[in-house]
Amino acid sequence: MPAFSLDPSQTAWCAELRALAAERLRPLAEKGEPGHVNRPLVAELGRLGLLKRPFTSGAFDLCLMRESLAYACTEAETALALQGLGAHPVHAYGTPAQRERWLPRVAEGSAVAAFALSEPGAGSDAAALELRAERDPAAQTQPPVAEPDGPARWRLTGEKCWISNAPEADFYTVFARTTPDAGARGVTAFLVPADRPGLTGTGLDMLSPHPIGTLAFDAVPVTADDMLGEADRGFRVAMGTLNLFRPSVGAFAVGMAQAALDATLAHTAEREAFGGKLRDLQTVAHQVAEMALRTEAARLMVYAAATAYDEKAPDVPGRAAMAKLLATETAQYVVDAAVQLHGARALRHGHLLEHLYREVRAPRIYEGASEVQRGIIAKELYATMEAGQ
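This structure is a prediction, so every number in the text was calculated from the model and none was measured.

With that settled, the discussion passes to the packing of helix H5 (residues 74-93) against helix H7 (residues 234-270). At a closest axis distance of 10 Å, the pairing of H5 and H7 adopts a crossing angle of 165 degrees. Classed by the angle they form, the pair H5 and H7 counts as roughly antiparallel. Judged by the twist between their axes, the crossing of H5 over H7 is right-handed. Counted together, Thr74, Glu77, Thr78, Ala81, Gly84, Leu85, His88, Pro89 and Tyr93 of H5 and Arg236, Val237, Gly240, Thr241, Leu242, Leu244, Phe245, Phe252 and Met256 of H7 form the full contact between these two elements. Classifying every residue of the contact of H5 with H7 by side-chain character gives ten nonpolar, six polar and two charged.

Another point: unusual backbone geometry. Omega for the peptide link from Ala166 to Pro167 comes to 5 degrees, which places this bond in the cis form. By secondary structure assignment, the location of Pro167 is in the loop between strand S3 (154-164) and strand S4 (171-177). Positive phi values are uncommon outside glycine, yet Asp232 reaches one of about 65 degrees. Mapping Asp232 onto the fold places it in the loop between strand S8 (227-228) and H7.

All right, on to the environment of Pro34 then. Mapped onto the secondary structure, Pro34 falls in the loop between helix H1 (8-31) and helix H2 (39-47). In this structure, the C-alpha to C-alpha distance between Pro34 and Leu207, residues 173 residues apart in sequence, is 9.2 Å.

In this fold, Glu119 is placed in the loop between strand S1 (113-116) and strand S2 (132-135). Note on Glu119: relative accessible area 5%, which makes it buried. Within the structure, Glu119 has its side chain in polar contact with the backbone nitrogen of Leu131 (distance 3.0 Å). Contact partners of Glu119, with chain neighbours within four places excluded, come to Leu129, Glu130, Leu131, Glu159, Lys160, Cys161, Trp162 and Phe175.

The next subject is the state of the cysteines. Counting across every chain of the model gives zero disulfides. Free of any disulfide, Cys14 has its nearest neighbouring cysteine sulfur in Cys63, separated by 11 Å. The exposure class assigned to Cys14 is buried, which follows from its relative accessible area of 11%.

Before going further, it helps to spend a moment on the packing of aromatic side chains. Considering all chains together, one arrives at four aromatic pairs under this definition. Seen from their ring centres, Trp102 and Phe171 are 4.6 Å apart, and the 40 degrees between their planes marks the pair as tilted. In this pair, Trp102 is assigned in helix H6 (residues 96-108) and Phe171 in strand S4, connecting sequence segments 69 residues apart. Looking at Trp102, the relative accessible area reads 5%, which means it is buried. Residue Phe171 is classed as buried on the basis of its relative accessible area of 0%. Over the ring of Tyr71 we find Arg18, and its NZ or CZ is 3.9 Å from the ring centre. In this structure, Arg294 packs its charged tip against the face of Tyr333, placed 3.7 Å from the ring centre.

Turning next to the pairing of S3. Both S2 and S3 contribute to a ladder of four bridges, which runs antiparallel. Within the sheet, the bridge partner assigned to Arg135 lies in S3 and is Trp154. Looking at chain direction, S3 and strand S7 (residues 212-222) are connected through eight bridges and run antiparallel. Bridging across to S7, Ser164 finds its partner in Ile212.

A few words on H7. The first and last C-alpha atoms of H7 sit 54 Å apart over 37 residues, in line with the 54 Å expected at 1.5 Å per residue. At Asn243, H7 shows its strongest bend, of approximately 30 degrees, with the proline Pro247 following within four residues. H7 sits mainly inside the fold: 30 of its 37 residues count as buried.

On to the pattern of salt bridges. In the structure shown here, the tally under the stated rule is 16 salt bridges. Note that Arg299 and Glu67 form a salt bridge whose closest N and O atoms lie 2.9 Å from each other. Of the two residues, Arg299 is situated in helix H8 (residues 282-310) and Glu67 in helix H4 (residues 59-72); the sequence distance between them amounts to 232 residues. Both residues of the pair, Arg299 and Glu67, belong to the buried class. Close ionic contact of Arg132 with Glu134 constitutes a salt bridge, the shortest N to O distance being 3.0 Å. What makes Arg132 partly exposed here is its relative accessible area of 39%. Overall, the relative accessible area of 39% leaves Glu134 in the partly exposed class. Counted as one network, the salt bridges with shared partners bring together Arg24, Glu44 and Arg47.

Procedures and definitions
- Residues numbered from 1 in each chain as written.
- Predicted model: local features only at pLDDT ≥ 70, side-chain atom pairs only at ≥ 80, totals over all residues.
- Heavy atoms only, no water.
- Axes fitted to C-alpha atoms, helices over the stretch in contact; angles between N-to-C directions.
- Helix = DSSP H or I, 4+ residues; strand = E, 2+ residues; numbered from the N terminus.
- Parallel < 35°, antiparallel > 145°, perpendicular 65-115°, else oblique.
- Left-handed = near helix turned anticlockwise from the far one by under 90°.
- Contact = heavy atoms within 4.5 Å.
- Nonpolar A, V, L, I, M, F, W, Y, C, P; charged D, E, K, R; others polar.
- Buried < 20%, exposed > 50% of the residue type's maximum accessible area, 1.4 Å probe, protein only.
- Polar contact = N/O pair within 3.5 Å; in protein donor to acceptor, adjacent residues only side chain to side chain.
- Disulfide = S-S within 2.5 Å.
- Phe/Tyr/Trp six-rings, centres within 6.5 Å; stacked < 30°, edge-to-face > 60°.
- Lys NZ or Arg CZ within 6 Å of the ring centre and 35° of its normal.
- Pairing = 2+ DSSP bridges.
- Expected span 1.5 Å × (residues − 1).
- Bend = angle between axes of the 7 residues up to and from the residue.
- Salt bridge = Lys/Arg side-chain N within 4 Å of Asp/Glu carboxyl O.

Put into structure tokens, the structure is as follows:
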């Protein structure tokens, strides 16, 4: 699949997604309560068949979805992305029983998923996480049991922080330390339903339309049947998920940048200033050209990274990091420039650019801050160089 162009069916699908987002999803998003899961919006995404696409399509299609939805309704895009992020480990690493129980509910929008990796002291440095999975002494002398309410093999104790959809999700993909002092090698992934005893959560007052909160684990019981993948190999689950979703975070950013660019084109073509249209001022025209140039460059890098993922290329981590870094930094630049060219009107509550100005900041931090992406890129470059020597 060429990474630099879309075929007619893909172009038509993107247009359809934009129309659905504007006509059916945005009205539901506007009725949502900031800081809480918008379950009617999630359910509508399910009815439209969009929530199952992250599990049945490749990274390229995921990027097209996120870019198209973000253009017309960032809340719908984020709701879809969080469902995918929280449930992808179940799809990719879960047992048949885990998949059968949760994935149909995620796809129909009746169960809300969350990805619980970050901690108060382990955000960008995800390998430093401290949530403890300790062997339950009562289960040491007994074989593992299949029922979740039987003797637990582990008890989870500690805290997660900055978790999207917490504390309102129905289940969490949780990463816990099963081997002390082992860095990334001693982490295990668990699927933890929200109603497990000892699991509580608190919402945080954040600049975000969806809930973000903390999770407290007070000896929360989990068994072998709750594991996602292998013991002490949970970091692989986390990075495999992030390698898929990082390019699509870039697609989300590209969608916002394109919306800001199109709004700026319309505004500068109509706005009278200094005896003519704003577009006639060379400074303005050059600024708009720069916005368009950077948006298209980011889009192409996102498409290339997604194509590399779908083709199982060896350089996916570096490409994914580049795509997320360039696209999110570009979106910040384009939205800021759009606000500047619109002037004070863009800062009024309810204006598209006021909304985008708030939305565009967080993607430069979550799923690996820009500084982390630069570190990944450099690490991959040196590893490639050394492998060729």
